[in-house]
Amino acid sequence: MKILKWILGIVVVLALLFYFVGLPVLRQQTKKISPEKTAHYEENALTLSVTYSSPSKKGRTIFGELVPYGAVWRTGANEPTRFTTATSLSIGGQTLPAGDYSLWTIPGKEQWTVIFNSDIADWGVTLLSGGRDTTRKPESDALQMIVPVEQLPGVVENFDISFAEDASGKRVLLQLSWDKTRVSVPLN
């Protein structure tokens, strides 16, 4: 019985060490490879921001290989991408209340599903799956929208999220670009 308590104590200490020391070191190291970036938009009573980690292409085939088609992607590297809006938005005829959301996507060749989720997961993928399985909770999805894929003439080396205005200047677009692919989510 004493040995079992001793072993359990060691396991608890190791788990706490990993959580409080190992994970912060892992985050710091991965952000050297995929640096954290933030995009802001503030105009016409809209205050938006998105914080994400920006991996590089590094000669790899991104969509369909590194990021599989038809599977949920945490949309960047490291922690899930965080989208913040100070006011309610209309996205594809649906309302997204003011607040903080994790941003997930399901890439496809012709279109992507963009998901705003009210749960902001700690890491975004399970370590035991080697990063293949996400920690997204579908029951916490606040909004999903399907958007078309735009093929770019040149390569975007680092994953980029930005805000732009559409041609009419009446809508803000949340744009996700990497490799030769861009998707734009219209925000009203």
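Check the entry above for the structure.
Quick summary incoming for the structure in this document. Here the structure is a predicted model, which means the values were calculated and not measured.

Reading the values: the criteria
- Residues numbered from 1 in each chain as written.
- Predicted model: local features only at pLDDT ≥ 70, side-chain atom pairs only at ≥ 80, totals over all residues.
- Heavy atoms only, no water.
- Patch = residues over 30% accessible without salt bridge, like charges linked within 9 Å, V, L, I, M, F, W, Y side chains within 5 Å.
- Areas by Shrake-Rupley, 256 points an atom, 1.4 Å probe, with all protein chains shown as cover.
- Salt bridge = Lys/Arg side-chain N within 4 Å of Asp/Glu carboxyl O.
- Helix = DSSP H or I, 4+ residues; strand = E, 2+ residues; numbered from the N terminus.
- Pairing = 2+ DSSP bridges.
- Axes fitted to C-alpha atoms, helices over the stretch in contact; angles between N-to-C directions.
- Buried < 20%, exposed > 50% of the residue type's maximum accessible area, 1.4 Å probe, protein only.
- Contact = heavy atoms within 4.5 Å.

**Points about a nonpolar patch on the surface**
Argument step 1. A grouping of Ile-3, Trp-6, Ile-7, Ile-10, Val-11 and Leu-14 is seen on the molecular surface, where their side chains present a nonpolar patch of about 620 Å² in accessible area.
Argument step 2. Along the chain, the position of Val-11 falls in helix α1 (residues 2-33).

**Description of the sheet that holds strand β2 (residues 46-53)**
Argument step 1. Read across the open sheet, the 7 strands follow the order β1-β2-β3-β6-β7-β8-β9; overall the sheet is antiparallel. Taken across any chain shown, the strands that pair with only one partner, and hence form the sheet edges, are β1 (36-43) and β9 (172-187). When the angles between neighbouring strand axes are averaged without regard to direction, this sheet yields 30°.
Argument step 2. The sheet contact formed by strand β3 (residues 81-85) and strand β6 (residues 99-106) spans 5 bridges and is antiparallel. In the strand pairing of β6, Arg-82 is matched with Ser-102.

**Points about the pairing of β1**
On any regular strand, side chains alternate: one points to one face of the sheet, the next to the other face.
Argument step 1. Where β1 lies against β2, 8 bridges are found, and the strand directions are antiparallel. Note that in β2 the partner of Lys-37 across the bridge is Tyr-52.
Argument step 2. Counted between consecutive antiparallel strands, the loop separating β1 from β2 contains 2 residues, among which Asn-44 sits at a positive phi close to 50°.

**With respect to the side chain of Thr-181**
Argument step 1. Looking at the secondary structure, you find Thr-181 in strand β9.
Argument step 2. Given the relative accessible area of 9%, Thr-181 is considered buried.
Argument step 3. Ignoring sequence-local partners within four residues, the contact set of Thr-181 consists of Phe-63, Trp-112, Val-149, Glu-150, Gln-151, Leu-152 and Leu-176.

**Let's talk about the pattern of salt bridges**
Argument step 1. This model, assessed by the stated rule, comprises 4 salt bridges.
Argument step 2. One salt bridge connects Asp-179 with Lys-57, and the closest N-O pair in it is separated by 3.3 Å. Separated by 122 residues along the polypeptide, Asp-179 in strand β9 and Lys-57 in the loop between β2 and β3 bring together distant segments of the chain.
Argument step 3. Its relative accessible area of 14% is what places Asp-179 among the buried residues.

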